Amino acid sequence: MKRREFLLGSGATAGALGLGGLGLAEGAPELVVQPASFALRGQMTSGMVSLTPNAPPPVLYGKQGEVMRLPVRNTLPDYTAMHWHGMRIPNGMDGVPYLTQMPIGSEEVFDYEFTSPDAGTYWYHPHCMTMDQMAHGLTGVMVIAEADDPGFDSEQVVNLRDFRLDDADQFLPAYTARGAARAGTFGNVQTANWLTEPHYEHAAGSLVRLRVVNTDTTRIYKVHLNSAKARIIAWDGHPVEVEVPMPSADEPLLIGPGQRVDFAVKMPTDEGQTVDLVAKFPGQKHRAMTRLRAVGASVARDLRELRPLPANPAAKPDLTKAEVHEFVFGWTPEGGQPNNGFCGSLGYNFWSINRTPWPGDAAQGVGPLATLEQGKSYVLRLRNESPNLHPIHLHGLVFVPLKSNLRRLPPLLTDTMLLLKDEVVEIALVADNPGDWAFHCHVIEHQKTGLTGFIRVV
Ligand code: C2O
Ligand code: CU
Ligand code: CU
């Protein structure tokens, strides 16, 4: 399978990926938000939400610097809005209800159209009825190809996420007050591309780009590969420019909700040999989430043949002039009444940013957490006052971690910073994309119970 083939999203490619693939360069098929059923674990699970009839949401393929047209039609009775996570696109296309657009009602269409300046691994999910629709399946991967082919033989997308099912394989409530006030409510069925340990075939001895995305609402996935012939080439969409150590069973890589990692993998040279993406779960031993199986005669490629991925065109912050802004993430002092827009409330508030809980979807009268001047550099000091971990995500901009009070942080460009217990991290960015950008925890129960706000760039 050559890269060129999946840019076209051919049927054969979609089959090989185990996920539908849609090439978006030509034409604009409507993305229809629709109910679905799928056998996640034995019996059919109903009440799912997808963009594909009774199958996982497709991988959306685009190309760096080329326009993508993504008309989203809502066929559910509830409202929705689609967000393109990690993409530095115009604010009006960001998909945040009330902040950047009105929610998309039943049978309405919203025409998203944008050009990504960056290549890499991104993803999409609703930002209205977020808990409901994400927990029931509506999370998909976006692949933005580099303008120049980096030289892989094939690719493998892996969408990691949990579902919360009962003994009859039907949905349990996606959230609980107990979970929302702590680390979140965890699913009990862990899947890759909605499957349990799918096997994918790739040519023996070939070079595979493995794109791993954590689209779960709660779980921090702890992963490694059981192969030494691999390296990390990108993190949260952006090529890594420093050496990043490969994770191991003892020191797995933590991928928070919303985060992505790209591996370059050299397939074993003998037919039938395998490389596993392995995850560790509390109280369990390690488990393969996905298996790559070598097929055919070896094509004898070498990791050294790969050209380094070209850096994305992100501006470098000027730290000599950067103004500092403080953000504190913690419980909410007074609880506060959540106010419901059309985008679903969990019915309580537990969390806050700078001691103010975001009261609801519309959040009328709540101003920006900070106002940044377009083109200037800033340092944001992020302080976690709680014992829980928070993947803190900023829309529309990229940032680089500078330092932590707990660990050494490699300077990897990102849109999501996983804050550890009692951690204080400084990040730096250039405020180069104007608009109101959502800034929130990506544990959706935290996001939906107060740990949200927005940063304004003018
Ligand atoms: Cu991936 Cu505001 O979200
Ligand atoms: Cu986002
Ligand atoms: Cu959180």
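Note that this is a predicted model, so its numbers are computed, not measured.

## Describing the overall build of the protein chain
Piece 1. Along its length, the protein chain carries 5 helices and 30 strands.
Piece 2. At 21 Å, the protein chain has a C-alpha radius of gyration in line with the 23 Å of a compact globule built from 458 residues.
Piece 3. Seen through its C-alpha atoms, the protein chain measures out along the principal axes to roughly 65 × 55 × 50 Å.
Piece 4. A total of 458 residues make up the protein chain; the buried ones form 60% of that total.
Piece 5. Looking at the protein chain alone, contacts between residues at least 24 apart form 75% of all its contacts between residues at least 6 apart.
Piece 6. When the accessible surface of the protein chain is split by element, carbon and sulfur atoms take 53% of a total near 17,200 Å².

## A look at the coordination of the copper ion (ligand 2)
Piece 1. Every protein donor of the copper ion (ligand 2) is accounted for by His 83 (NE2) and His 393 (NE2), and the metal-donor separations fall at 1.9 Å. Note that His 83 is positioned in strand S6 (residues 82–85) and His 393 in strand S25 (residues 390–394), a separation of 310 residues in sequence. Note on accessibility: His 83 and His 393 belong to one class, buried.

## Describing the state of the cysteines
Piece 1. Taken as a whole, this structure holds 1 disulfide when the rule is applied.
Piece 2. Shown here is the disulfide that connects Cys 128 with Cys 343, its sulfur atoms set 2.0 Å apart. One quick way to see it: the torsion about the S-S bond of Cys 128 and Cys 343 is about -90°, and its sign makes the bridge left-handed. Placement of the pair is Cys 128 in the loop between strand S8 (120–126) and helix H3 (130–135) and Cys 343 in the loop between strand S21 (323–331) and strand S22 (351–353), with a sequence separation of 215 residues. As far as the burial class goes, Cys 128 and Cys 343 line up, both buried.

## What about the confidence of the model for the protein chain?
Piece 1. Of the residues in the protein chain, 93% reach a pLDDT of 70 or more, and the chain-wide mean stands at 92.
Piece 2. A low-confidence stretch, residues 1–18 stays under pLDDT 50, and its non-local contacts, those more than four residues away or across chains, total 40 contacts.

## Quick notes on the sheet that holds strand S19 (residues 274–279)
Piece 1. Read from one edge to the other, the open sheet built from 5 strands follows the order S12-S20-S19-S14-S17, with strand pairing classed as mixed. Strands with a single pairing partner mark the edges of an open sheet, and in this sheet they are strand S12 (199–203) and strand S17 (253–255). In this sheet, adjacent strand axes meet at a mean angle of 30° when their direction is disregarded.
Piece 2. In the sheet, strand S14 (residues 221–225) pairs with S17 via 3 bridges, with the strands oriented antiparallel. Bridge pairing in S17 places Lys 222 opposite Leu 254.

## Considering the coordination of the copper ion (ligand 3)
Each donor-metal-donor angle in an ideal tetrahedron of four donors is 109.5 degrees, and each such angle in an ideal octahedron of six donors is either 90 or 180 degrees.
Piece 1. Around the copper ion (ligand 3), the protein contributes the donor atoms His 390 (ND1), Cys 441 (SG) and His 446 (ND1), at 2.0 to 2.1 Å from the metal centre.
Piece 2. Every donor residue of the copper ion (ligand 3) comes from the same chain, spaced as H-x50-C-x4-H. Taken together, the positions of His 390 in strand S25 and Cys 441 in strand S29 (residues 435–441) put the pair 51 residues apart, joining distant regions of the chain.

## Side note on the sheet that holds strand S28 (residues 424–430)
Strand-to-strand pairing in sheets goes through backbone hydrogen bonds, with the strands running parallel or antiparallel.
Piece 1. The sheet built from 5 strands is open, its strands ordered S22-S21-S24-S28-S26 with mixed pairing. Of all the strands in the sheet, the pair left with one neighbour each is S22 and strand S26 (399–404). Across the sheet, the mean angle separating the axes of adjacent strands is 20° when strand polarity is ignored.
Piece 2. In the sheet, S26 pairs with S28 via 5 bridges, with the strands oriented antiparallel. Across the sheet, Ser 404 pairs through a bridge with Val 425, a residue of S28.

## Some words on the pairing of S25
Piece 1. Among the 5 residues of S25, 5 are classified as buried, and the element is accordingly described as predominantly covered.
Piece 2. Taking every second residue as pointing to the same face, both faces of S25 are buried, with His 390, Ile 392 and Leu 394 on one and Pro 391 and His 393 on the other.
Piece 3. Where S25 and S29 come together, 3 bridges link them in antiparallel fashion. Within S29, the residue paired with Leu 394 across the bridge is Phe 439.

## What to know about the side chain of Thr 414
Piece 1. Relative to the helices and strands, Thr 414 is located in the loop between S26 and strand S27 (416–419).
Piece 2. Side chain to side chain, Thr 414 and Asp 236 meet in a polar contact 2.5 Å long.

Criteria and cut-off values
Residues numbered from 1 in each chain as written. Chains lettered and ligands numbered in written order. Predicted model: local features only at pLDDT ≥ 70, side-chain atom pairs only at ≥ 80, totals over all residues. Heavy atoms only, no water. Helix = DSSP H or I, 4+ residues; strand = E, 2+ residues; numbered from the N terminus. Rg over C-alpha atoms; globule rule 2.2 N^0.38 Å. Buried < 20%, exposed > 50% of the residue type's maximum accessible area, 1.4 Å probe, protein only. Contact = heavy atoms within 4.5 Å. Areas by Shrake-Rupley, 256 points an atom, 1.4 Å probe, with all protein chains shown as cover. Donors = N, O, S within 2.8 Å, 3.2 Å for Na, K, Ca; no water. Disulfide = S-S within 2.5 Å. pLDDT = per-residue confidence, 0-100. Pairing = 2+ DSSP bridges. Axes fitted to C-alpha atoms, helices over the stretch in contact; angles between N-to-C directions. Polar contact = N/O pair within 3.5 Å; in protein donor to acceptor, adjacent residues only side chain to side chain.

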